[in-house]
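Observations on the model geometry
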Amino acid sequence: MVSYVINNGPRPVAPATRERVLAAIKELGYRPDRVAQAMASRRTDLIGLIIPDARQPFFGEMAHAVEQAASERGKMVLVGNTDYVGEREVHYLRAFLGMRVSGLILVSHALNDLAAAEIEAWDARVVLLHERPEAIDDVAVVTDDLGGAQLAVRHLLEHGHPYVACMGGIAETPAVGDPVSDHVEGWRRAMDEAGISTEGRLFEALYNRYDAYQAALKILSGPDRPPAIFCSTDDQAIGLLRAARELRIDVPGELAVAGFDDIKEAALTDPPLTTIASDRPAMARAAVDLVLDDGLRVAGARRERLKVFPSRLVVRHSCGCE
């Protein structure tokens, strides 16, 4: 009877009986043994979250949003950072699945075959968040990356610039379902719509501000400095703004800049960064709800395979708007 009250089932308990049990629990200071519960159910109150790098503000903010959403559902979150290394991704997959987590939320840049095999072997509940690698065909929660990039580039072009350059990822890392690849493709489409060539106007940089800063110093010091640059991430844009300041290039007077992600820091850059936003808290809640959905792994009962959240242009001063 006590277990039915503590676990809210599986059998109903009369209201008067429930009140007596709860009163006794409070008086005795009883705390349920979570380990024993996990052994009995073969499932814990844990959600595994695997991300590339929590030091990058976007992933840190996303992890925080997932943790909040999980807490609302009475779950705790284990976080593993892969540093974009496939072996570390497999390590965390095995560790978290071995702990019998309730489900996995996976932010994977390019899931390798070994990681995909681990997921298949454990028949794990997995929801892809932010990225949707082609190695596995699981439910995904993503942003409209393609449409968002087009919004940003069109806005820069509307300021009268002859063209917009793009700071994308590096040539060795593009992958199907990778948001940065979609951002670059959105840039290409917006330029094509305007009848403007993209030849020689795509620059490579890693996603973080430090490598982007080094790349930007070379780009902005060259003879053909772009009039406007769309950065695939806000972190890249922050590195670019730092390089422009060092080179005494006025933003937005001599160089217009837009980013993607709308991390909190974007509102505090100098000048404040025009960027593309998505509803990260809503995406996190959707991912948590999906990974805890009992119908997720039941044949014929799976929910929509791809949940796309809209992108929104956030206009600040770096593009030239007042």
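Residues numbered from 1 in each chain as written. Predicted model: local features only at pLDDT ≥ 70, side-chain atom pairs only at ≥ 80, totals over all residues. Heavy atoms only, no water.

Turning our eyes to something else, we now look at unusual backbone geometry. Of note, the amide linkage connecting Val251 to Pro252 takes the cis form, showing an omega dihedral of 15°. Residue Pro271 is bonded to the preceding Asp270 through a cis peptide linkage, with omega at 0°. Phi at Tyr84 takes a positive value of approximately 65°, unusual for a residue other than glycine. Here Tyr84 lies in the loop between strand E2 (76-81) and helix H5 (86-98). Taking relative accessible area as the criterion, Tyr84 reaches 34% and is therefore assigned partly exposed. (Helix = DSSP H or I, 4+ residues; strand = E, 2+ residues; numbered from the N terminus. Buried < 20%, exposed > 50% of the residue type's maximum accessible area, 1.4 Å probe, protein only.)

The subject of this paragraph is the pairing of E2. Put simply, side chains in a regular strand alternate between the two faces of the sheet. Bridge count for strand E1 (residues 46-51) against E2 is six bridges, and the pairing is parallel. Within E2, the position partnered with Ile51 by the bridge is Asn81. For the segment spanning E1, helix H4 (residues 57-72) and E2, crossover handedness is right-handed. (Pairing = 2+ DSSP bridges. Right-handed = clockwise from strand over helix to strand, strands pointing away.)

Another point: the nonpolar core. The biggest cluster of nonpolar side chains holds 74 residues, and the ones touching the most others in it are Ile105, Leu129, Val141, Val164, Leu220, Ile229 and Phe230. Discounting residues that sit within four places of it in the chain, Ile105 has contacts with Ile47, Gly48, Leu49, Ile50, Val66, Val127, Leu129, Ala287, Val288 and Val291. In this structure, Val90, Leu93, Leu104 and Ile119 belong to the second largest nonpolar core, which totals 17 residues. (Core = buried A, V, L, I, M, F, W, Y, C linked by side-chain atoms within 4.5 Å. Contact = heavy atoms within 4.5 Å.)

Interhelical geometry of helix H7 (residues 145-158) versus helix H8 (residues 179-193) gives an angle of 45° and a closest axis separation of 7 Å. The pairing of H7 with H8 is recorded here as oblique in orientation. For the pair H7 and H8, the crossing hand works out as right-handed. Taking contact as the criterion, the partners of Asp145, Leu146, Ala149, Gln150, Val153, Arg154 and Leu157 in H7 are, on H8, Pro179, Asp182, His183, Glu185, Gly186, Trp187, Arg189, Ala190, Met191 and Glu193. (Axes fitted to C-alpha atoms, helices over the stretch in contact; angles between N-to-C directions. Parallel < 35°, antiparallel > 145°, perpendicular 65-115°, else oblique. Left-handed = near helix turned anticlockwise from the far one by under 90°.)

In this section: helix H6 (residues 113-122). Of the residues making up H6, those classed as buried are Ala115, Ala116, Glu118 and Ile119. Angular distribution of buried residues about the axis of H6 spans 155°; they occupy a single face of the element. For H6, exposure combined with an orientation more than 90 degrees from the buried face picks out Asp113, Glu120 and Ala121. For H6, the secondary structure elements touched by its buried residues are H5, strand E3 (103-106) and strand E4 (126-129). (Arc of directions from axis to C-beta.)

Moving on, we come to the sheet that holds strand E9 (residues 256-258). The four strands lie next to each other as E7-E6-E8-E9, forming an open sheet whose pairing is parallel. Lying at the two open borders of the sheet, with one neighbouring strand each, are strand E7 (202-204) and E9. On average, adjacent strands in this sheet sit at an angle of 20° to one another, irrespective of strand direction. Here strand E6 (residues 165-168) pairs with strand E8 (residues 228-231) via three bridges, running parallel. When the bridges of E8 are listed, Cys166 appears paired with Phe230. Here helix H9 (residues 209-221) sits on the sheet in contact with E6, E7 and E8, set at roughly 155° to E6.

The subject of this paragraph is the pattern of salt bridges. Under the counting rule described, the total for this entry stands at 13 salt bridges. Residue Arg73 is joined to Asp289 by a salt bridge in which the shortest nitrogen-to-oxygen separation is 2.8 Å. In this pair, Arg73 sits in the loop between H4 and E2 while Asp289 sits in helix H11 (residues 280-291), placing the two residues 216 residues apart along the sequence. Accessibility expressed as a relative area gives 40% for Asp289, which makes it partly exposed. The salt bridge involving Arg209 is made with Asp235; its shortest N-O contact spans 2.6 Å. With Arg209 in helix H9 and Asp235 in helix H10 (residues 234-246), the pair connects residues that are 26 residues apart, well separated along the chain. (Salt bridge = Lys/Arg side-chain N within 4 Å of Asp/Glu carboxyl O.)

Right, let's get into the side chain of Thr269. Within the secondary structure layout, Thr269 lies in the loop between E9 and strand E10 (275-277). When its relative accessible area of 13% is taken as the criterion, Thr269 is described as buried. Among the polar contacts listed, one links the side chain of Thr269 to the backbone nitrogen of Leu273, at a separation of 3.2 Å. (Polar contact = N/O pair within 3.5 Å; in protein donor to acceptor, adjacent residues only side chain to side chain.)

Below, the discussion takes up the packing of aromatic side chains. Each aromatic ring pair is described using two quantities: the centre-to-centre distance and the angle formed by the ring planes. Evaluation of the coordinates by the stated rule reveals three aromatic pairs. Arranged with centres 5.4 Å apart and planes meeting at 80°, the rings of Phe58 and Phe59 form a pair that is edge-to-face. Ring plane angle 65° and centroid distance 6.1 Å describe the contact between Tyr84 and Tyr207, whose orientation is recorded as edge-to-face. With Tyr84 in the loop between E2 and H5 and Tyr207 in the loop between E7 and H9, this residue pair connects regions lying 123 residues apart in the sequence. Relative accessible area serves as the criterion here: at 13%, Tyr207 is assigned to the buried category. Residue placement shows Arg201 over the ring face of Tyr163; its charged tip is 3.8 Å from the ring centre. It is Arg242 that lies over the ring of Tyr213; its NZ or CZ is 5.9 Å from the centre. (Phe/Tyr/Trp six-rings, centres within 6.5 Å; stacked < 30°, edge-to-face > 60°. Lys NZ or Arg CZ within 6 Å of the ring centre and 35° of its normal.)

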